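Close look at the chain arrangement
Chain residues, written in single-letter form:
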Amino acid sequence: MQLFFTEHTNENQFTLDADESKHLIKVLRKTQGDRVHFTNGKGCLYHCIIIDANPKKAIIKIEEREFQPEDDYYIHLAISPTKNSDRMEWMVEKLTEIGVHEITFMESEFSERSHLKLERLEKKIIAASKQSLKTWLPKLNPVRPMNELVQDSEFNSYQRFIAYVDKENDRHLFDKAKPDNAYLILIGPEGDFSNQEIQLAFDNHFLPCSLGKSRLRSETAAVAAVHTLQLINNLKEL
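Since we're looking at a predicted model, the values are computed, not measured.

Analysis parameters
Residue positions are given per chain, counting from 1 as you read along its sequence in written order. pLDDT decides what is reported in this predicted model: residues at 70 or higher carry local features, side-chain atom pairs at 80 or more are listed and counted, and totals for whole chains, interfaces and linings draw on all residues regardless. Calculation of side-chain values draws on the structure's entire complement of heavy atoms; hydrogens and water are dropped beforehand. Runs of H or I in DSSP of at least four residues are treated as helices and runs of E of at least two as strands, each being numbered from the N terminus. The contact definition used throughout considers only heavy atoms, calling two residues in contact when any of these lie within 4.5 Å. A pair of strands is treated as paired once DSSP finds two or more bridges between them. To obtain each axis, a line is fitted to C-alpha atoms, and for helices this fit is confined to the stretch in contact; angles are then taken between N-to-C directions over 0 to 180 degrees. For this document, the term salt bridge refers to a Lys or Arg side-chain nitrogen within 4 Å of an Asp or Glu carboxyl oxygen. The rule is simple: take the accessible area with a 1.4 Å probe, protein chains only, and divide by the maximum for that residue type; under 20% is buried, over 50% is exposed, in between is partly exposed.

Within the secondary structure, T228 is located in helix α7 (residues 218–235). For T228, the residues in contact, after removing those within four places along its chain, are H172, L173 and F174.

As structure tokens, this is what we get:
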């Protein structure tokens, strides 16, 4: 199955823009009468048919709507963005494919960057969701100060973790997280968190965790954390 994205959620028929039409008709060589699948990124899967294969404004008709429920758990990753924007784009793609539910960019003491092109990252999320056949788009949040984030009462019911490098912090996230929960995990910049930031997290009921014996790049740590939480929740079914 190939999956496409549309925001036309309340109509039985919609027209694709020029870029999407060209991709569907010219690149993928779809023709009138071909069946295709769309999602609105909010859990809906649309079973559709092409009724006009115009490469500049293809017309799509929705034949059936199917709702796919959200996961029983929720993974919210907060990370200090790196100086290299390409690495952040790669990270957002991989986190979407693996199954993150929300991403917040976080400004900490040793942050290397405080501004990101969120519109470009949103496009990366949509492309990765289509590629991995996901009907729920992860939520993407702008940069937020770490001290504000860790003290937000919104996360009082979450399992909260802070991942950092320390020889005494050797208990892996896999051994600490419990399935079927909402999680908030903090990943620091290349220079890691300051001692004051770690203590602030502890004071707000964040648990320390490790992501393995190696020292990881920020974006690699993010991928490892989300994969670990996905693994915990998938293994519970075995």
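For the rest of this paragraph, the subject is the sheet that holds strand β11 (residues 207–209). The six strands lie next to each other as β8-β7-β6-β10-β9-β11, forming an open sheet whose pairing is parallel. Both outer strands of the open sheet, β8 (139–145) and β11, are each paired with one neighbouring strand and no more. Ignoring which end each strand starts from, the neighbouring axes of this sheet average 25° apart. Here strand β7 (residues 102–107) pairs with β8 via five bridges, running parallel. Bridge pairing in β8 links M106 to R144. Here α7 sits on the sheet in contact with β6 (74–79) and β10 (182–187), set at roughly 165° to β6.

Tallied over the full model, the rule gives eleven salt bridges. The shortest N-O distance in the salt bridge between K94 and E97 comes to 3.6 Å. In this pair, K94 and E97 both sit in helix α2 (residues 85–98), three residues apart, roughly one turn of the helix. Given a relative accessible area of 25%, K94 falls into the partly exposed group. Salt bridges sharing partners connect three or more residues here, namely E89, E93, R120 and K124.

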